[in-house]
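# An overview of the molecular structure
So the chains spell out like this:
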Amino acid sequence: MANQKPEPSIKEMRRHFPAGYSKEIKKFVKERALVHSRYIWILDRADRQKGWCSYCRRDVIIKDGIKHNEEIQCPHCGTEVKVKHEWRGHSDLVDRSYFHYYEKSKLDPKIVVCRGIYVRNNFASQDIKSVKTEYETHTFYVLEMGGPKMFTDYYHVWYNCPLQSLKKSVFPRFVNYAGLKNMNFEESYESLEEAVKGTAFQYSQWKDYMQNFAFRSDNLIRYLAFYAKYPSVEYIMKLGLGRFIATKLNGDPMAGALYYRGNTPQKVLRMALSKADIADLKAAAPKMKEQELLLWQMMKKEKRNTRLGEVCLDKFCSDHIYEIYDLYKIIHSIEKIKRYFKKQTVFSKFYEKDEPNWAGGSYKVGHFLRDWIDYLNACKKLEFDMKDRSVLFPKDLKRAHDNAIEQVKISANERLDKKIRSRAKELDNFNFRYGDLVAAPAASSGELIAEGKALHHCVGMYTERYAAGSTNIIFIRQAEAVYKPFFTMEVNKDNEIVQVRGNNNKAATPQVMEFVSVFKNKVLKPKKKVRQAK
């Protein structure tokens, strides 16, 4: 850590960037970023043929009868414009845009820099002809191989404070700040093409990525930063796996099929690759699922000469790739998975009832595999020996599955019941009798579930909260039938009655209401505070 290169200061970072906005930037704004901000303004209500073009900034004569907001061509410059009647009001007409513009660093021509620039034409001012495009740079990116950086600051834009925030990661400010989300966004691909010449970024495959894989255009900056950090992106793109990168940059969860720090295709893909393997991979890449790649990696560890076709072309695997992948992490053999499936479909009447033809991805295979995964997950929770063959391959999967799931439920109930028992002294205060009714707190999770089933309401869902002490559930019973559910009452931590419900959420009867009122005064009424002598 002592030899770690210190982070550059904002002042040092700014030296990479040219001052002001070049003619090329202004041309890009006029032709692309604010292409939607072109108008012919009719300033005289009495003479609707005389207008002023905001694009070529000249007085023009238009045809008579042109309506407000009608689209025409400027008679002078030929540009597509929208006609605006100035007297109709334009107090809310502010055209905005945000774009990324790329250049070479002033300090090092091998470094690419980018600015996130916010521009606007504010026609809300009184004098239309005086409107000029306003420029603000929101974000600065330094795309240096090995260490891409960005700096930006919320206060810079809205409170005119100097930039002072160096970010740890690089991201498109456009999508991360709500104030920019609803305006036009542009990428200056032309400026990037010029900026990458003579740099490592000319090998980044950014055009291929944007054309075939990018989920959104403003992710280009994230892609370039990712390439700067992991040059292995070049290998991945050439293999046709750019969609995996796009998935990662889009923020979706990844299972780690690719090792981005690798410096060869073999290291990136975490396995030995023959020329035939690479050919197979390129052919399958356009439609390949990440789980297929992960499964292939696993199978290659078991058998080095496993071909990708054994995963992709095997209907048993490819039609149920997600389930097979989860199972393979435990079973470590496709053949064992297949053999066990065949045995179970012969042995178990439950699985035999499903579709007889399991080839081709029928419901039967998926049903079986999901049950097996659920069973194995339950075994883990129950801390069974996951190396025991009798645990991995039970003789009757359906029966073993149901038993394991039930044991998990019992285990969960025991955990909650232990918490409820720890509250026994506290809950004992809720025992009460008045007239023909009695009140008693629930003694276990089982009682709560049974209460909900008997009275057809959702009190069973309160088990976790009740066990944790965040609420209290009190059973109201008739004295001559204390074990038969009658009404259920919820009391919160502040000793306030939240609700009283009977069968099918029936409201309390007059008798129950009287009982609840007495219960509230006798049991829940807070003790009077003792006033201290002054």
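Residues numbered from 1 in each chain as written. Predicted model: local features only at pLDDT ≥ 70, side-chain atom pairs only at ≥ 80, totals over all residues. Heavy atoms only, no water.

## Focus: the overall build of the protein chain
Counting its regular elements, the protein chain contains 24 helices and 16 strands. Across the 534 residues in the protein chain, those meeting the buried criterion constitute 45%. A separation threshold of at least 6 residues defines the contact pool for the protein chain, and within that pool the share at least 24 residues apart is 58%. Entry remark: accessible area of the protein chain is about 30,200 Å², with carbon and sulfur atoms responsible for 49%. (Helix = DSSP H or I, 4+ residues; strand = E, 2+ residues; numbered from the N terminus. Buried < 20%, exposed > 50% of the residue type's maximum accessible area, 1.4 Å probe, protein only. Contact = heavy atoms within 4.5 Å. Areas by Shrake-Rupley, 256 points an atom, 1.4 Å probe, with all protein chains shown as cover.)

## Regarding the pattern of salt bridges
Under the defined criterion, the tally for this structure stands at 20 salt bridges. Here Arg38 ties to Glu31 by a salt bridge, and the two come within 3.5 Å at their closest N and O atoms. Overall, Arg38 belongs to the buried group, its relative accessible area being 11%. The exposure class assigned to Glu31 is partly exposed, which follows from its relative accessible area of 35%. Here Glu426 and Arg423 are joined by a salt bridge, their closest N and O atoms 2.9 Å apart. Accessibility expressed as a relative area gives 6% for Arg423, which makes it buried. It is possible to trace a salt-bridge network through shared partners that takes in Asp277, Asp280, Lys300 and Arg307. (Salt bridge = Lys/Arg side-chain N within 4 Å of Asp/Glu carboxyl O.)

## Describing the pairing of strand E15 (residues 487-492)
Of all six residues making up E15, six are buried, and the element is well covered by its neighbours. Where burial is concerned, the two faces of E15 agree: the one with Phe487, Met489 and Val491 and the one with Thr488, Glu490 and Asn492 are both buried. Alignment of strand E14 (residues 471-478) against E15, held across six bridges, turns out to be antiparallel. Among the inter-strand pairings, Ile474 is bridged to a residue of E15, identified as Met489. The pairing of E15 with strand E16 (residues 497-501) spans four bridges and is antiparallel. Bridge pairing in E16 links Glu490 to Gln499. (Pairing = 2+ DSSP bridges.)

## Focus: the sheet that holds strand E4 (residues 71-73)
With mixed pairing, five strands are arranged side by side in an open sheet as E3-E2-E1-E5-E4. Where the open sheet ends on each side, the last strands, each with one partner, are strand E3 (58-61) and E4. Shown here is a sheet whose adjacent strand axes are inclined to one another by a mean of 40 degrees, direction ignored. (Axes fitted to C-alpha atoms, helices over the stretch in contact; angles between N-to-C directions.)

## Description of helix H7 (residues 220-229)
Counting buried residues in H7 gives eight out of ten residues, a clear majority hidden from the surface. Taken as a whole, H7 has its buried residues at Leu220, Ile221, Tyr223, Leu224, Ala225, Phe226, Tyr227 and Ala228.

## Regarding the sheet that holds strand E11 (residues 184-187)
Pairing is mixed in the open sheet, where six strands are placed in the order E10-E9-E8-E7-E6-E11. This sheet does not close on itself; its edge strands, each paired only once, are strand E10 (166-167) and E11. Bridge count between strand E6 (residues 94-104) and strand E7 (residues 112-122): eleven bridges; the pairing is antiparallel. Looking at the pairing, His100 lines up with Gly116 of E7.

## Focus: the state of the cysteines
Going through the model one piece at a time under the given rule, you end up with zero disulfides. The cysteine Cys56 is free of any disulfide, with Cys53 supplying the nearest cysteine sulfur at 3.6 Å. (Disulfide = S-S within 2.5 Å.)

## Structural notes on a positive patch on the surface
Side chains of Lys336, Arg339, Lys343 and Arg389 sit close together on the surface and give a patch of like positive charge. Examining the composition of the positive patch, we find that three residues originate from one element, helix H16 (residues 334-347), more than from any other. (Patch = residues over 30% accessible without salt bridge, like charges linked within 9 Å, V, L, I, M, F, W, Y side chains within 5 Å. Lys, Arg positive; Asp, Glu negative; His and termini not counted. Charge placed at Lys NZ, Arg CZ, Asp CG, Glu CD.)

## Section: the packing of aromatic side chains
Counting across every chain of the model gives 26 aromatic pairs. On the numbers, 6.2 Å between centres and 65 degrees between planes, the contact of Phe28 with Tyr101 is edge-to-face. Placement of the pair is Phe28 in helix H2 (residues 23-33) and Tyr101 in strand E6, with a sequence separation of 73 residues. As far as the burial class goes, Phe28 and Tyr101 line up, both buried. An angle of 10 degrees between the planes, with centres 4.1 Å apart, marks the rings of Tyr209 and Tyr223 as stacked. Here Tyr209, found in helix H6 (residues 206-212), pairs with Tyr223, found in helix H7; they are 14 residues apart in sequence, far enough to count as distant. The same class applies to Tyr209 and to Tyr223, which are both buried. One aromatic cluster is present, formed by Tyr340, Phe341, Phe368, Trp372 and Phe393 through successive ring pairs. Stacked on the ring of Tyr55, the Lys or Arg Lys30 has its end atom at 4.7 Å from the ring centre. Taking NZ or CZ as reference, Arg423 lies 5.3 Å from the ring centre of Tyr466, over its face. (Phe/Tyr/Trp six-rings, centres within 6.5 Å; stacked < 30°, edge-to-face > 60°. Lys NZ or Arg CZ within 6 Å of the ring centre and 35° of its normal.)

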